[in-house]
Amino acid sequence: MTPVILLAAEKKSAEVTDWAARVGWLVGLALFIALVYWLMREGWKWRGTLQGDLPELPSAPDEPGEARLTVLSMSGRYHGSTTAGQWLDRIVAHGLGTRSRVELTLTDAGLDVVRPGASDFFVPVAQLREARLDKGIAGKVLTEGGLLVVTWAHGDRLIDSGFRSDRAAEHSEWVETLNHMINKTEGAR
């Protein structure tokens, strides 16, 4: 029983004697983290350079026409764009890889994508190819049917762009209306 009393009687723990080694490890860790972030940034820029053949994004016409949905616009999140059918091949050129808030408006002229803090773009109705509900795009995975994915042509590429409404119940109406417009446009071609 004596050893337990002696242990409880000690007043302080052992002194830390090697501060230089601890500081060195912390500085090394901070430099490693900075290097990883720098490499990620360079990879993002390199991907944008590789996608430099993508033409400039169209802007909305002065007279876009009347809104096609009962809900005039959809507020929510833009989760990014990928090469069509390849949900992990993110497109970063022209700001398409930047996640942001979004305001979507569907008119007779096409789909107007307004993104505060990021580049706005417009998809003419002739470029729209398909709309569907999906669960993931560009590394963002949601519940089944939680994402509105619009496929559109830009230059010689087909692009999938993912949107999530603040009110997910709107997604079905958007898919139905977009696909109706696309089928009507393809019938006229």
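Please read all numbers here as calculations on a predicted model, not as lab measurements. Each chain has its residues counted from 1, following the order in which its sequence is written. Only residues with pLDDT of at least 70 get local features here, since the model is predicted, and only at 80 or more are side-chain atom pairs given and counted; chain-wide, interface and lining totals rely on the full set of residues. Side-chain measures here rest on the full set of heavy atoms in the structure, leaving out hydrogens and waters.

Q: For this particular structure, what's the right way to read the pairing of strand 1 (residues 73–83)?
A: Consecutive side chains of a regular strand alternate in pointing toward one face of the sheet and then the other. Only protein chains enter the accessibility calculation, which uses a 1.4 Å probe; a residue whose area is less than 20% of its type maximum is buried, one above 50% is exposed, and one in between is partly exposed. Strands here are runs of E lasting at least two residues and helices are runs of H or I lasting at least four, both read from the DSSP assignment and numbered beginning at the N terminus. In terms of burial, strand 1 is largely enclosed, as eight of its 11 residues are buried. Two strands pair when backbone bridges link them, and strand 1 and strand 9 (residues 157–165) are joined in this way by seven bridges, in the antiparallel orientation. The residue bridging S81 from the neighbouring strand is S161, located in strand 9. Pairing between strands requires that DSSP locate at least two bridges from one strand to the other.

Q: So what exactly am I meant to see when it comes to the sheet that holds strand 4 (residues 121–124) here?
A: Sheets are built from strands paired through backbone hydrogen bonds, the pairs being either parallel or antiparallel. Sheet architecture is open: seven strands sit in the order 4-3-2-1-9-8-5, paired in antiparallel fashion. One side of each edge strand has no neighbouring strand; the edge strands of this open sheet are strand 4 and strand 5 (128–134). The average angle at which neighbouring strand axes cross in this sheet is 30°, direction not considered. Where strand 5 and strand 8 (residues 147–154) come together, six bridges link them in antiparallel fashion. Looking at strand 8, one finds that L133 is bridged to L148. Each axis is a line fitted through C-alpha atoms, and for a helix only the stretch in contact is used; angles between axes span 0 to 180 degrees, taken between their N-to-C directions.

Q: Please explain the packing of aromatic side chains as it appears in this structure.
A: Within a pair of aromatic rings, the relevant descriptors are the distance that separates the centres and the angle that separates the planes. Between rings of Phe, Tyr and Trp, where Trp is taken as its six-membered ring, a pair exists when centres lie within 6.5 Å; planes separated by under 30 degrees are stacked, by over 60 edge-to-face, and by other angles tilted. Counted by the stated rule, this structure contains three aromatic pairs. Taking the centre distance of 6.2 Å and the plane angle of 70° together, the rings of Y78 and F121 count as edge-to-face. Here Y78, found in strand 1, pairs with F121, found in strand 4; they are 43 residues apart in sequence, far enough to count as distant. With respect to class, Y78 is no different from F121; both count as buried. Residues Y78 and F163 carry aromatic rings whose centres are separated by 5.6 Å and whose planes lie at 50° to one another, so their mutual orientation is tilted. With Y78 in strand 1 and F163 in strand 9, this pair connects stretches of sequence that are 85 residues apart. A single burial state applies to Y78 and to F163, both of which are buried.

Q: Explain the nonpolar core here, please?
A: Most often, soluble globular proteins keep nonpolar side chains buried together rather than apart. By size, the foremost hydrophobic cluster in this structure holds 27 residues, and its most contacted members are L104 and F163. Sorting the residues of this core by element identifies strand 1, strand 2 (100–106), strand 3 (110–114), strand 4, strand 5, strand 8, strand 9 and helix 3 (171–188) as the ones contributing at least two each. For this core, the element with the highest residue contribution is helix 3, accounting for five residues. Among the buried residues, those of types Ala, Val, Leu, Ile, Met, Phe, Trp, Tyr and Cys that are joined through side-chain atoms within 4.5 Å form a nonpolar core.

Q: What am I meant to see in the pattern of salt bridges here?
A: Two side chains bearing opposite charge may form a pair once their charged atoms approach each other closely. Salt bridges are identified by distance alone: a Lys or Arg side-chain nitrogen within 4 Å of an Asp or Glu carboxyl oxygen. A complete count under the given rule lists nine salt bridges for this structure. Linking E42 and K45 is a salt bridge whose minimum nitrogen-to-oxygen distance equals 3.2 Å. With a gap of three residues between them, E42 and K45 both fall in helix 2 (residues 19–50), about one helical turn apart. The exposure class of E42 is partly exposed, given its relative accessible area of 28%. A residue is classified by how much of its surface remains accessible, and K45, at 42% relative accessible area, is partly exposed. The residue D166 makes a salt bridge to R101 at a minimum N-O spacing of 2.8 Å. Here the residue D166 occupies a position in the loop between strand 9 and helix 3, and R101 occupies one in strand 2, the gap between them amounting to 65 residues. Taking the relative accessible area as the measure of exposure, D166 reaches 45% and is therefore partly exposed.

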